[in-house]
Amino acid sequence: MSPSASSSGPLRGARAGQFQIAIVALVGTFLVLAVGALRVAAPLLVPIAVAWLLSQLFAPMVRGLCRFRIRPPIAAAIAVFGFTTITLAGVVLLATPAAAWVARAPETLSRVERKVRNLIQPIQRLERAAQKVEAATGGGAAQTVAVQKPGMVQRLSGTTASMTGAGLSVIFLTYFLLAYAPLFRSKLADLLPKRVERAKVEGALQEIEVQMSRYLLLNTVVSVMVGLATWLVLLAIGMPNAALWAVLAGVLNFIPYLGAVVTIIVIGLAALVSFDTLREPMLAVGGFAVINMLEGNLLTPLLLGAKLPLNPVALFVGFLFWSWVWGIPGAILAVPMTVLIKVACDRIEATRSFALLLDN
């Protein structure tokens with residue numbers, strides 16, 4: 001064998017190794033740029049993501065209406081604007097107690113502080129002793145410069161305006177996605193030259209839509225049941241504005257891990273302000289803790305079961321990632337977005353290994 005033939009093997013292997021390294025570097029660069037783009041374009045991408053997920057939630061309703069020979073644009077209008085009307089009616093009913101709680105926020109926090117202070121008298125006595133020691137050693141109060149910040153009314157006004165604009169964008173984008181979903185799938189499949197690939201793309205999009213619709217519908221049912229159970233418990237102990245806290249519990253149930261913790265804190269603080277004794281706050285917090293335990297260990301596994309194709313590690317990592325990328329909206333969208341990635345990766349040959357990593 002000639003020297004040139006014997007040296008061609010190691011040379012070819014070195015080139016293959018360099019090519020693999022270049023591919024890995026290219027993929028890593030793309031992922032870093034994609035994550036950066038997700039963070040920078042969050043004001044644009046979050047409404048689009050919310051609208052797409054809502055379109056998957058309403059898709060079965062639109063298909064059901066179309067079976068009665070109702071055109072998709074009309075069926076989409078019934079679903080989207082009917083849901084919007086019901087939501088606005090609920091907001092109007094809950095706006096008065098919510099505004100009252102916001103207006104009394106400083107007073108409420110003061111009352112909670114006084115009640116909590118009475119429960120931790122030993123710590124308070126230690127704090128007084130430390131202050132006396134500091135005064136005896138000549139530690140004076142440091143001068144501070146107060147910087148005037150925008151008032152609560154100004155901050156709420158700006159937040160309300162931005163949320164209204166985002167809400168309108170989500171509503172109309174959801175309508176267009178539902179009204180013209182078949183046309184969109186067809187146009188996307190037309191980008192591929194081969195008929196076999198077109199059929200695969202259409203089948204993948206339909207499967208993603210069916211699985212996401214099923215998951216979102218069942219998750220919504222679970223959250224509604226959590227809200228109803230919370231309302232019954234708070235109503236039984238005589239909690240004022242029980243419907244407000246029940247709706248809050250149902251909405252926060254969409255946020256994994258953190259939602260239940262925030263709900264317990266809010267309900268506990270509201271109960272401390274509303275009642276003079278500790279019996280009712282303990283019943284309110286304990287009742288919701290029992291509801292959350294039953295939901296996590298019985299209701300969700302019973303309804304979702306294998307329909308949630310994520311293992312706990314993937315679920316928690318997805319929650320951390322989307323919360324970091326998009327903040328509070330990302331925390332709410334974390335599970336459905338991770339499920340979407342898992343379902344999409346299942347249909348692509350090159351990414352099935354990653355889908356197996358997320359699988360339950």
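Owing to the predicted nature of the structure, the values given are computational and were not obtained by experimental measurement.

Cut-offs used in this document
- Residues numbered from 1 in each chain as written.
- Predicted model: local features only at pLDDT ≥ 70, side-chain atom pairs only at ≥ 80, totals over all residues.
- Heavy atoms only, no water.
- Patch = residues over 30% accessible without salt bridge, like charges linked within 9 Å, V, L, I, M, F, W, Y side chains within 5 Å.
- Areas by Shrake-Rupley, 256 points an atom, 1.4 Å probe, with all protein chains shown as cover.
- Salt bridge = Lys/Arg side-chain N within 4 Å of Asp/Glu carboxyl O.
- Helix = DSSP H or I, 4+ residues; strand = E, 2+ residues; numbered from the N terminus.
- Core = buried A, V, L, I, M, F, W, Y, C linked by side-chain atoms within 4.5 Å.
- Buried < 20%, exposed > 50% of the residue type's maximum accessible area, 1.4 Å probe, protein only.
- Contact = heavy atoms within 4.5 Å.
- Axes fitted to C-alpha atoms, helices over the stretch in contact; angles between N-to-C directions.
- Parallel < 35°, antiparallel > 145°, perpendicular 65-115°, else oblique.
- Left-handed = near helix turned anticlockwise from the far one by under 90°.
- 1 Å grid on protein atoms, 1.4 Å probe; cavity = no way out; pocket = protein on both sides within 12 Å on 5 of 7 lines; lining within 4 Å.
- Points joined across faces, edges and corners; volume = space filled by probe spheres on them.
- Nonpolar A, V, L, I, M, F, W, Y, C, P; charged D, E, K, R; others polar.
- Expected span 1.5 Å × (residues − 1).
- Bend = angle between axes of the 7 residues up to and from the residue.
- pLDDT = per-residue confidence, 0-100.
- Phe/Tyr/Trp six-rings, centres within 6.5 Å; stacked < 30°, edge-to-face > 60°.

### Some remarks on a nonpolar patch on the surface
Reasoning step 1: Together, Tyr 257, Leu 258, Val 261, Val 262, Ile 265, Leu 269, Phe 316 and Leu 320 make up an exposed nonpolar region whose accessible area comes to about 670 Å².
Reasoning step 2: Looking at the nonpolar patch, the elements that each hand over two or more residues are α10 (258-274) and α12 (312-346).
Reasoning step 3: Sort the elements by how many residues they give to the nonpolar patch and α10 lands first, with five residues.
Reasoning step 4: Mapped onto the secondary structure, Leu 269 falls in helix α10.

### Description of the nonpolar core
Reasoning step 1: With 38 residues, the main nonpolar core has Leu 178, Trp 326 and Met 337 as its most contacted residues.
Reasoning step 2: Those elements that provide at least two residues to this core are α2 (42-66), α3 (72-103), α6 (152-179), α8 (195-236) and α12.
Reasoning step 3: With 14 residues, α12 is the single largest residue contributor to this core.
Reasoning step 4: In this structure Leu 178 touches Ser 55, Phe 58, Ala 59, Val 62, Ala 76 and Val 80, once residues within four positions along its chain are discounted.
Reasoning step 5: Counting 20 residues, the second largest nonpolar core, distinct from the first, contains Ala 249, Ile 267, Ala 271 and Val 273.

### What to know about the side chain of Ser 223
Reasoning step 1: With respect to the helices and strands, the residue Ser 223 is situated in helix α8.
Reasoning step 2: Judged by its relative accessible area of 3%, Ser 223 is buried.
Reasoning step 3: Residues within four places of Ser 223 in sequence aside, it is in contact with Gly 250, Asn 253 and Phe 254.

### Describing the packing of α10 against helix α11 (residues 279-303)
Reasoning step 1: Where α10 contacts α11, the two axes come as close as 8 Å, and the packing angle between them is 160°. In terms of their interaxial angle, α10 and α11 are classed as roughly antiparallel. For the pair α10 and α11, the sense of crossing is right-handed. Of α11, the residues touching α10 (which contributes Ala 260, Thr 263, Ile 264, Ile 267, Gly 268, Ala 271 and Leu 272) are Pro 281, Ala 284, Val 285, Phe 288 and Asn 292.

### Some remarks on the layout of surface pockets
It is the rolling of a water-molecule-sized probe over the atoms that shows where space remains empty.
Reasoning step 1: Taken as a whole, the second largest pocket spans an internal volume of roughly 1,100 Å³.
Reasoning step 2: Taken together, 35 residues form the lining of the second largest pocket, with Trp 52, Gln 56, Leu 205, Ile 208 and Leu 340 sitting closest to its centre.
Reasoning step 3: Taken together, the residues of the lining of the second largest pocket break down into 27 nonpolar, five polar and three charged.

### A closer look at α11
Reasoning step 1: Between its first and last C-alpha, α11 extends 34 Å over 25 residues, near the 36 Å set by a 1.5 Å rise per residue.
Reasoning step 2: The axis of α11 is deflected most strongly, by about 45°, at Glu 295.
Reasoning step 3: Considered for burial, the residues of α11 that qualify are Glu 280, Pro 281, Ala 284, Gly 287, Phe 288, Ile 291, Glu 295, Leu 299 and Thr 300.

### A short note on the confidence of the model for the chain
Reasoning step 1: Put simply, the chain has an average pLDDT of 78, and 72% of its residues get 70 or more.
Reasoning step 2: Averaged pLDDT values for the elements of the chain fall to 60 in helix α5 (residues 121-136) and rise to 91 in helix α9 (residues 242-252).
Reasoning step 3: Note on residues 139-147: pLDDT is under 50 here. Beyond four places in sequence and across chains, it has one contact.

### Remarks on α10
Reasoning step 1: Compared with the 24 Å implied by 1.5 Å per residue over 17 residues, the 24 Å span of α10 between its first and last C-alpha is a close match.
Reasoning step 2: Along α10, the positions that sit buried rather than exposed are Gly 259, Ala 260, Thr 263, Ile 267, Gly 268, Ala 270, Ala 271, Leu 272 and Val 273.

### Quick word on unusual backbone geometry
Backbone phi values are negative for most residues with the exception of glycine, while trans is the configuration of most peptide bonds.
Reasoning step 1: Not every positive phi belongs to a glycine, and Asn 241 is a case in point at roughly 55°.
Reasoning step 2: Take Asn 241: it is sitting in the loop between α8 and α9.
Reasoning step 3: The class for Asn 241 is partly exposed, based on a relative accessible area of 32%.
Reasoning step 4: One non-glycine residue, Tyr 257, lies in the positive phi region at around 65°.
Reasoning step 5: Turning to its location among the elements, Tyr 257 is positioned in the loop between α9 and α10.

### Side note on the packing of α2 against α12
Reasoning step 1: At a closest axis distance of 11 Å, the pairing of α2 and α12 adopts a crossing angle of 45°. Our classification of the angle between α2 and α12 gives oblique. The chirality of how α2 crosses α12 is left-handed. Of the residues in α12, those in contact with Ala 42, Leu 45, Val 46, Ala 49, Val 50, Trp 52 and Leu 53 of α2 are Trp 326, Pro 329, Leu 333, Pro 336, Met 337 and Leu 340.
Reasoning step 2: Here the residues of the contact of α2 with α12 are counted per class, giving 13 nonpolar, no polar and no charged.

### Some points on the environment of Ala 243
Reasoning step 1: Its location among the elements puts Ala 243 in helix α9.
Reasoning step 2: Judged by its relative accessible area of 35%, Ala 243 falls in the partly exposed class.
Reasoning step 3: In sequence terms Ala 243 and Leu 93 are 150 residues apart; their C-alpha atoms lie 9.7 Å from each other.
Reasoning step 4: What Ala 243 contacts, discounting residues up to four positions off in sequence, is Leu 94 and Trp 231.

### What about the packing of aromatic side chains?
Reasoning step 1: The full count for this structure, using the stated rule, is 10 aromatic pairs.
Reasoning step 2: Considering the side-chain rings of Phe 81 and Tyr 175, the 5.7 Å spacing of their centres and the 40° angle between planes classify their relative orientation as tilted. Note that Phe 81 is positioned in helix α3 and Tyr 175 in helix α6, a separation of 94 residues in sequence.
Reasoning step 3: Assessed through its relative accessible area of 30%, Phe 81 is described here as partly exposed.
Reasoning step 4: What links up through ring pairs into an aromatic cluster is the set Phe 81, Phe 172, Tyr 175, Phe 176 and Tyr 180.

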